[in-house]
Amino acid sequence: MGRTRKSRVVVAEDRPLTPEEAEAAAAAAAYAASEADYAYYAEEEETGETAPAPSLAEAIAALEVCGDATRAEAAAAYHKVARRYLGVPVPLIEDMARLWREACTLEERIALARGLWASDIHEAKIAAAKLLTQARMRPDDAAWELICDWVDGFDAWAIADHAASAGARRLSADPARLDRVEGWLGAENMWTRRAALVMTLPFTKQNHPTPAEAAARARVLEWCVRLAPERDWFIQKAIGWWLRELSKHDPEAVADWLAAHGETLKAFARKEASKRLG
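Since the model is a prediction, treat every value here as computed from it, not as a measurement.

About the cut-offs
Residues numbered from 1 in each chain as written. Predicted model: local features only at pLDDT ≥ 70, side-chain atom pairs only at ≥ 80, totals over all residues. Heavy atoms only, no water. 1 Å grid on protein atoms, 1.4 Å probe; cavity = no way out; pocket = protein on both sides within 12 Å on 5 of 7 lines; lining within 4 Å. Points joined across faces, edges and corners; volume = space filled by probe spheres on them. Nonpolar A, V, L, I, M, F, W, Y, C, P; charged D, E, K, R; others polar. Core = buried A, V, L, I, M, F, W, Y, C linked by side-chain atoms within 4.5 Å. Buried < 20%, exposed > 50% of the residue type's maximum accessible area, 1.4 Å probe, protein only. Helix = DSSP H or I, 4+ residues; strand = E, 2+ residues; numbered from the N terminus. Salt bridge = Lys/Arg side-chain N within 4 Å of Asp/Glu carboxyl O. Expected span 1.5 Å × (residues − 1). Arc of directions from axis to C-beta. Contact = heavy atoms within 4.5 Å. Polar contact = N/O pair within 3.5 Å; in protein donor to acceptor, adjacent residues only side chain to side chain.

(A) Spatial organisation of empty space enclosed by the protein. Applying the stated criterion across every chain yields a total of 1 cavity of 30 Å³ or more. Classifying every residue of the lining of the largest cavity gives 5 nonpolar, 1 polar and 3 charged.

As structure tokens, this is what we get:
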């Protein structure tokens, strides 16, 4: 079964809507009020036609009309980064992005993602990342370049992790891109350094890695050695997270890493890394 939507929709800011925004608002309100499965909401499944690709203004208007002022205030207080927050739940953003992906060509999708990210609206940045979160994408060089452009500007974990999830698909598609990611380890921005670990999490997942995957895994373990002396909580957490995920599939490698380098981690990160080792 798909998700159901609450019927309550709150406009995030008190201003008159343009005709285009009003039309988008009506569609978004109907979507939010629907109790049907997501799959049954999309009209194109009944007509066989694809909805037109949204403009940047239409996409932002759709996000705005699904905002909640109370939720937005709480998000701003939680993330502590000075930008606009609309208070749109992530599952609803994901559903919007899914509809937009279906409506857009790849070029249109990349352009929309670029504009949404540049708006500096919290939910729009998440939507931008969701537009590019797809395992199969050909050609994908433009999407990869756009994600890399975002990395230097990461400033909060939620946005960084959604974008890293999109980037992880592109790394899995072409592990040679690790050469570029390794350069992030020397970045001044802590969130950029952390992205090198979060974006490479897919390489922890294989029980029987290919030679390329095994090489990537060994390479990132060396990155963990390099980052482990940092005392920042988010870096330490990312190392513990990466090692814990690897321990599910290669516990010996993690045990060996901890034996050699575990004392360089903070206690909580060491505990996180060894959680699955017994």
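(B) Molecular detail of the nonpolar core. Membership of the largest hydrophobic core comes to 76 residues, with the highest contact counts inside it found for Trp 100, Leu 116, Trp 150, Ile 239 and Leu 243. If you look at the next biggest cluster of nonpolar residues, it comprises 5 residues, including Ala 72, Ala 75, Val 81 and Ala 156.

(C) Spatial organisation of unusual backbone geometry. A cis geometry characterises the amide bond from Arg 138 onward to Pro 139, with omega recorded as -5 degrees. Relative to the elements of secondary structure, Pro 139 occurs in the loop between helix H8 (122-131) and helix H9 (141-151). For Lys 80, which is not a glycine, the phi torsion comes out positive at approximately 60 degrees. Tracing the backbone shows Lys 80 in the loop between helix H5 (69-79) and helix H6 (90-103).

(D) Up close: the environment of Ala 267. When you line up the elements, Ala 267 lands in helix H16 (residues 267-273). Here Ala 267 falls in the exposed class, since its relative accessible area comes to 53%. Ala 267 sits 31 residues away from Gln 236 along the chain, and the two C-alpha atoms are 9.5 Å apart.

(E) The arrangement of the pattern of salt bridges in detail. Under the criterion given, the structure shown has 23 salt bridges. Residue Asp 120 pairs with Arg 83 through a salt bridge whose shortest N-O separation is 3.0 Å. Separated by 37 residues along the polypeptide, Asp 120 in the loop between helix H7 (106-118) and H8 and Arg 83 in the loop between H5 and H6 bring together distant segments of the chain. Overall, Asp 120 belongs to the partly exposed group, its relative accessible area being 30%. Arg 83 gets classed as buried once you look at its relative accessible area, which sits at 14%. Note that Glu 272 and Lys 275 form a salt bridge whose closest N and O atoms lie 3.2 Å from each other. Relative accessible area serves as the criterion here: at 8%, Glu 272 is assigned to the buried category. According to the relative accessible area criterion, Lys 275 is exposed, its value standing at 51%. Overlapping salt bridges, with partners in common, bring together Lys 205, Lys 237, Arg 244, Glu 245, Lys 248, Glu 272 and Lys 275 in one network.

(F) Structural context of helix H13 (residues 211-227). When the terminal C-alpha atoms of H13 are compared, their 25 Å separation across 17 residues agrees well with the 24 Å that a helix rising 1.5 Å per residue should span. Three or more residues of H13 are buried, namely Ala 216, Arg 217, Val 220, Leu 221, Trp 223, Cys 224 and Leu 227. Along the axis of H13, the buried residues cluster in a sector spanning 155 degrees; they form a single face. What points out from H13, more than 90 degrees from its buried face, is the exposed set Pro 211 and Glu 222. Tucked inside the fold, the buried residues of H13 contact helix H11 (178-182), helix H12 (190-198), helix H14 (233-247) and helix H15 (251-261).

(G) Local environment of H6. When the terminal C-alpha atoms of H6 are compared, their 20 Å separation across 14 residues agrees well with the 20 Å that a helix rising 1.5 Å per residue should span. Among the residues making up H6, those that are buried are Leu 92, Ile 93, Asp 95, Met 96, Ala 97, Trp 100 and Ala 103.

(H) Looking closely at the side chain of Arg 83. Looking at Arg 83, its side chain comes within polar contact range of the side chain of Asp 155, at 2.9 Å. Sequence-distant contacts of Arg 83, that is, excluding residues within four places in its chain, are made with Asp 120, Ile 121, His 122, Lys 125, Asp 155 and Ile 159.

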